[in-house]
Amino acid sequence: MLLTAVAPVAWGSTYYVTREFLPADDPLWGAALRALPAGLLLLVLARRLPRGAWWWRSAVLGVLNVGAFFVLVYVASTRLPSSVASTVMATSAITLMLLAWPLLGERPAWRGLAGASAGLVGVVVLVVEGGAAVDPWGVAASATAMLLSSTGYVLTKRWAPAEPMTAVTAWQLTAGGLLLLPVAAAVDGAPPVLDASAVAGFAYVSLVATAVAFVAWFTGLRHLPAGAVGVVGLLNPVTGVLLGTLLADESFGPRRAAGTMLVLGGVLLAARSARQTPRRVRTGAGSSTTSSIVSRSAAVPARSTTAQCSP
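Rules behind the numbers
- Residues numbered from 1 in each chain as written.
- Predicted model: local features only at pLDDT ≥ 70, side-chain atom pairs only at ≥ 80, totals over all residues.
- Heavy atoms only, no water.
- Axes fitted to C-alpha atoms, helices over the stretch in contact; angles between N-to-C directions.
- Helix = DSSP H or I, 4+ residues; strand = E, 2+ residues; numbered from the N terminus.
- Parallel < 35°, antiparallel > 145°, perpendicular 65-115°, else oblique.
- Left-handed = near helix turned anticlockwise from the far one by under 90°.
- Contact = heavy atoms within 4.5 Å.
- Phe/Tyr/Trp six-rings, centres within 6.5 Å; stacked < 30°, edge-to-face > 60°.
- Buried < 20%, exposed > 50% of the residue type's maximum accessible area, 1.4 Å probe, protein only.
- Lys NZ or Arg CZ within 6 Å of the ring centre and 35° of its normal.
- Salt bridge = Lys/Arg side-chain N within 4 Å of Asp/Glu carboxyl O.

Caption draft 1: Looking closely at the packing of helix H6 (residues 110-127) against helix H11 (residues 235-248). One way to put it is that H6 packs onto H11 with a least axis distance of 10 Å and a crossing angle of 25°. Regarding the angle of H6 to H11, the classification is roughly parallel. For the pair H6 and H11, the crossing hand works out as left-handed. Contacts between H6 and H11 involve Val123, Leu126 and Val127 from the former and Pro237, Val238 and Val241 from the latter.

Next comes the structure, spelled out in structure tokens:
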């Protein structure tokens, strides 16, 4: 659980870094420059290319988890307040549980559902402001991004029970980054000119908030129920809000404190559920062994630091 939490905490920090150090007018180039270097670095470290079915699987996961996801999050960010987009994305905690049931054989436990529900309410309390306008196309883009990434996360767990996680992450980040390049060129035009602070910012979001974070996230998916991982992901907006408070002098009153406590309570419930829920261990893309109890000892850019619940 602690390793998995590295991912949403790192993702939550990108909102502050993006606002303070990265070019604001080239979001798709920002996504491409974030994903592709991370994928290539992990590819060098893994020293392993896809084989057989993993060529098309990497392309599919690259579209679901990176390429199409970042494009849709960009569309949502241009049409919705961050508070509305965050609420839509936060439903991924429950969506992951529902998708994992038929695809992975992981039946949701009541503690997991309670944790996801508490976390979702916490995100709403944390980020939603009164009078936020709602654009149906923005909501559709945000909901589609949430569904695509949730499906991609579950498929990653289903397809990669034995492959090195560094390699699996490298393949899909590289595929997604390559997909983003022509989209960025068509929408944003020429690549942005980067100064020293922007280079440092991209180094952080690519190496830490993408390469390290995605490896931690997918490793968590391998060892934990997908629903529990989804609830841990709600630490993303909490991190964004806390960093905005500490570093950007944003207000943090009783309402945000209550929202934070609800999210943390949901994560603790999910952690307890993960320790007590039978976990189905898959040995191949479509096969599985009998369930075993998990041992108690087992171990996209926003314009505001009011974080969207997404990488």
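Caption draft 2: Representation of the packing of aromatic side chains. On inspection of all chains with the given rule, the structure shows nine aromatic pairs. Between tyrosine 16 and phenylalanine 21, the aromatic rings sit 6.5 Å apart at their centres with planes inclined by 80°, giving edge-to-face as the arrangement. Here the aromatic rings of phenylalanine 214 and phenylalanine 218 are separated by 5.8 Å at their centres, their planes lie at 40°, and the arrangement is tilted. In this pair, phenylalanine 214 and phenylalanine 218 are both assigned in helix H9 (residues 196-223), four residues apart and thus about one turn of the helix distant. Here phenylalanine 214 and phenylalanine 218 have matching classes, each one buried. Here the aromatic cluster, defined as three or more aromatic residues joined through ring pairs, consists of Trp11, Tyr153, Phe214, Trp217 and Phe218. Residue placement shows arginine 57 over the ring face of tryptophan 54; its charged tip is 5.5 Å from the ring centre.

Caption draft 3: Spatial organisation of the side chain of threonine 210. Looking at the element boundaries, threonine 210 is found in helix H9. A residue is classified by how much of its surface remains accessible, and threonine 210, at 1% relative accessible area, is buried. Contact partners of threonine 210, with chain neighbours within four places excluded, come to Arg34, Ala35, Ala38, Leu173 and Val205.

Caption draft 4: Focus on the pattern of salt bridges. With the rule as written, the count across this model stands at four salt bridges. When the shortest N-O distance is used, the salt bridge between arginine 19 and glutamate 20 registers 3.1 Å. By relative accessible area, arginine 19 is classed as partly exposed at 35%.

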